[in-house]
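# Observations on the model geometry
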Amino acid sequence: MTQVCLALLPGIALYAWLLGPAILIQLLLASASALAAEALMLKLMHKPLGLFLGDGSALVTAWLIALTFPPLAPWWLIVVGTAFAVIIAKHLYGGLGQNPFNPAMVAFAVCIVSFPALMSQWPALGLHLSFGEQLQVVFGLAPRIDALSGATPLDTLKTGLKLGENVDVAQLLANQEIYGQFAGRGWELITGAYLLGGLWLCWRGIITWHVPTAFIVGLGSLAAALWLYNPAQFASPLFHLFSGGAMLGAFFIATDPVSGCTTPRGKLIFGAGAGILAYLIRVFGGYPDGIAFAVLLMNLCAPVIDLLTQPAIFGMKDKS
Amino acid sequence: MLFNLFKFNGGVKPPTNKAQSLTLPIAQAPLPSRLVVPLHQSIGGTPKPVVQAGERVLKGQLIGEADGWISSAVHAPTSGMVVEVGMHMQPHPSGLDALCVVIEPDGHDEWIAREPLDYRTLPPEAVREHLQRAGVVGLGGAVFPTHGKLTASKTVPMQELVINGAECEPFITCDDLLMRERAEDVVRGIGIFRDLLQPQKVLIGIEDNKPEAIAAMQAAVAAVGEDFAVIAVPTRYPAGGAKQLIRVLTSKEVPASKRSTDLGVQCFNVATAYTAWRAIAHGEPVISRLVTVTGNVDTPRNYEVLIGTPMDELLALAGPQADTDGIVMGGPMMGFLVPDTTVPVVKATNCLIAHSPKLFPPKAPEMPCIRCGSCAQACPHELQPFEMYWHARSKNFGKTQEFHIFDCIECGCCSFVCPSRIPLVQYFRFAKSEIWAREREKKAADTAKDRFEFKQFREEREKAEKAEKLAKAAAAQAAKKAAEAAAAAAAEAGGADTGTSAPASTVDSEIDPKKAAIAAAMARAKAQREAAQPKNTEALTPEQQKEVAEIEARRQAGQPATAASEPPASGA
Ligand code: SF4
Ligand code: SF4
């Protein structure tokens, strides 16, 4: 599990550099509240603290929450989200290994449904707030002004397409303030760093290639099909793969072993399903990004998929 | 020779730890102070003891006679006095006792008359019987009686005979040294198997970390003039599992539901071939075997050990270090800590590892399964260990069978890789034994049920027969009466005497007491039924009773009177 955290570091470093160090504060807040909540629950269940805290699973959940929540979200939002993830989504289902849903994504879904405004306030890139100013915003000491935040590249594209009569993707993307080479400015770098971290995890054998590959193929091919069908209405697959939580989702979220599928074929189905759903939600749905709901929906199907994809065992292969 | 090898899925690469015990040649272990020879040393029926306490036995003399076709004889490992035939603890994780013959050696080591056989002149049946009488069993650890595996399937032609010299478990080197030092006997033993099974090819698989053994076997095959293929297989646990070795050498996969001969392949261990040759060409039954003594000892080594030697005496030869606190029998993957260090070496004992906390540090505590799937990736039988674990834990044994628990060969790869350190194999053993126990119980219950049902059936039949008899008798009576009445009428009509009516009245009076008795019995039964009616209105307080009475009264008033009356008696 600590390896998973390690693999996130390049992405985090870029994130902090491009969007400001507030993310580090959020990471700290999330980690502390996750460990505290975990300790509390372990105590209540009379389980050995050191042993379970040391496994790092709470930390991974905390980091994923910090990285998917807006970095300038008020401090209590991330604390509440993390506590919800650990206490309700994980421990009330029986603790480590028993939760049917990815705890971090449950927290995200709950918060975006409960606090939609706060959850969509992403800092506009190039908004150069000092560390102190960022701190003040996070801890509610400075007024939360709308100018602080801009919509994410994904969101801007969606609303832009919805509003304009004659706007098309190319026009919108030409707005260099928010878009970079092929996706969101800055974001393409961060997602690229996540991709590298994820590949490292595959190479180390911590995760298998099935879920990320299927996720990328699922999301990418659907995006490609629609893009080919109407490039004015739909952004390129590259844009989608490097926007929002796509790479984080492919390598770090959908690969959660506990709530995902375990058979190789099941993993392929799970990853592809999550990728396709993520695209559908993010393009046609009401939320800025679709990763969380896509993963949760696939979590729901995981047991059935596992059941239906049992591999043939030794000596039983040629029997149908 | 170029040979096409196949891969088996899964498997692990634990540190092999074999070099320690390979530096010295095989040594003959000295006679122990006493020998405790268990009678049950093979799969199948328990041999019957044929000696008694106080009897003198010779080396190689039969002491336990095979009981049934799947069973194998047991012999005295040396000459001496039988001091006891009794229960002693076994080298088994359960620590259960079993019947043993205890022999005090007299030091002469005096053989019985040994009779070498020219097996080529004998019918196959006689060779198999001889092997059974000589106590030849699979020495790879499964101890299946060898003669039972030496018949080819009638429908499937025998294609490959696979000889297992892989020895993939860490620490164990007895097969390695056997092949190095006694390769020719091994090859001749394989020749016997070949002659009995008539396969198209003989393949000897040896892990490629034993180059000396491979060279020795190749030389021996050439010297004996056979055309057996000696094949180096990749070193990966459990390459020495029979099914994995068969897979690697022939690409055939033998599932739990099939016998390997059904796929035209059979597999024997090299040590088994060796003992088969000794039994036939030298008339020596299996009274000793090679045992690797290693682990926390000063001089790890392989010994030729008499069956029945107490393990602690054998271990003492290798100089166990001070912190030794137990003995593992078998390798670290599939072996187990023996319940007591004095238990005897048996035919299944291939290795003793002196256990110390340093050598086998206690495992970190077990954590919950996170469904990471590592175990499934490592499982050579491509099972889903975490699913079987989950269902075994929740005692949902039917589900474990749906996940093919009986295909699990208990190799331990899954436990080895589990990041949560779950001792998966232990859960599987538990589930299997539990399923067997339930089957047994069910069988017992089924026979009891059958017995009961048969008894009921018999009783019913008897009742029916009785009723039939009665009905017949009654019909006969009625007919008789009618006939008599007719006769009487005729007589009356004929103006004959009136004495003929007397028998009829006697018959009536004969039947009447019976009827009365039946009526009385029915009345008694009815009374009893009424007495046995449950009454939940006893022991009530006066207020409650009053209430009940009121309710009763209301009910009586509100309903037609018949409803309150006695229910009609059933037609019994
Ligand atoms: S290796 Fe262990 S933790 Fe992983 S799935 Fe198997 S049993 Fe669970
Ligand atoms: S012990 Fe059984 S389940 Fe585990 S790896 Fe071996 S065969 Fe598979």
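Residues numbered from 1 in each chain as written. Chains lettered and ligands numbered in written order. Predicted model: local features only at pLDDT ≥ 70, side-chain atom pairs only at ≥ 80, totals over all residues. Heavy atoms only, no water.

## Quick notes on the packing of helix α3 (residues 183–197) of chain B against helix α6 (residues 270–281) of chain B
All names here are of chain B. With their axes 7 Å apart at the nearest point, α3 and α6 run at an angle of 85° to one another. Viewed along their axes, α3 and α6 adopt a mutual orientation that is roughly perpendicular. Side by side, α3 and α6 meet where D185, V186, R188, G189, I190, I192 and F193 of the first sit next to V270, T272, A273, Y274, A276, W277, R278 and I280 of the second. Grouping the constituent residues of the contact of α3 with α6 by class yields 10 nonpolar, 2 polar and 3 charged. (Axes fitted to C-alpha atoms, helices over the stretch in contact; angles between N-to-C directions. Helix = DSSP H or I, 4+ residues; strand = E, 2+ residues; numbered from the N terminus. Parallel < 35°, antiparallel > 145°, perpendicular 65-115°, else oblique. Contact = heavy atoms within 4.5 Å. Nonpolar A, V, L, I, M, F, W, Y, C, P; charged D, E, K, R; others polar.)

## What to know about the environment of I65 of chain A
Note that I65 of chain A resides in helix α4 (residues 57–68). Spatially, the C-alpha atom of I65 of chain A lies 8.8 Å from that of A85 of chain A, the residues being 20 residues apart in sequence.

## Brief notes about a nonpolar patch on the surface
On the surface, a cluster of nonpolar side chains totalling about 490 Å² of accessible area is made up of W75, W76, V80, F139 and L141 of chain A. The residue F139 of chain A is located in the loop between α8 (131–138) and β2 (149–150) in this model. (Patch = residues over 30% accessible without salt bridge, like charges linked within 9 Å, V, L, I, M, F, W, Y side chains within 5 Å. Areas by Shrake-Rupley, 256 points an atom, 1.4 Å probe, with all protein chains shown as cover. Salt bridge = Lys/Arg side-chain N within 4 Å of Asp/Glu carboxyl O.)

## Considering the confidence of the model for chain A
For chain A, per-residue confidence averages 85 on the pLDDT scale, and residues scoring 70 or more make up 88% of the total. The spread of mean pLDDT over the elements of chain A runs between β2 of chain A, the lowest at 57, and helix α12 (residues 210–229) of chain A, the highest at 94. (pLDDT = per-residue confidence, 0-100.)

## Remarks on the interface of chain B and chain A
On the side of chain A, 22 residues touch chain B, which itself brings 28 residues to the contact. Summing both partners gives a buried area of about 2,100 Å² for chain B against chain A, and 63% of it is carried by carbon and sulfur. Looking only at chain B, the three residues that lose the most surface to chain A are M367, I370 and R371 of chain B, adding up to 28% of its buried area. Summed over the shared surface of chain B and chain A, the result is 1 salt bridge. Across the pair R371 of chain B and D306 of chain A runs a salt bridge, and its minimum N-O distance is 2.8 Å. (Buried area = accessible area lost by both parts, 1.4 Å probe.)

## Here we look at the site of ligand 1
Contacts to ligand 1 come from 13 residues, most closely from C369, C372, G373, C375 and C418 of chain B. Counted by class, the shell around ligand 1 contains 9 nonpolar, 3 polar and 1 charged residues. (Near = heavy atom within 4 Å.)

## Remarks on the sheet that holds strand β1 (residues 27–28) of chain B
Residue and element names in this part refer to chain B. An order of β1-β14-β13-β17-β15-β16 is seen for the 6 strands of this open sheet, with the pairing classed as mixed. At either margin of the open sheet sits one strand with a lone partner, and together these are β1 and β16 (336–337). Against the sheet, helix α2 (residues 174–181) engages β13 (288–295) and β14 (301–306), with an angle of about 125° to β13. (Pairing = 2+ DSSP bridges.)

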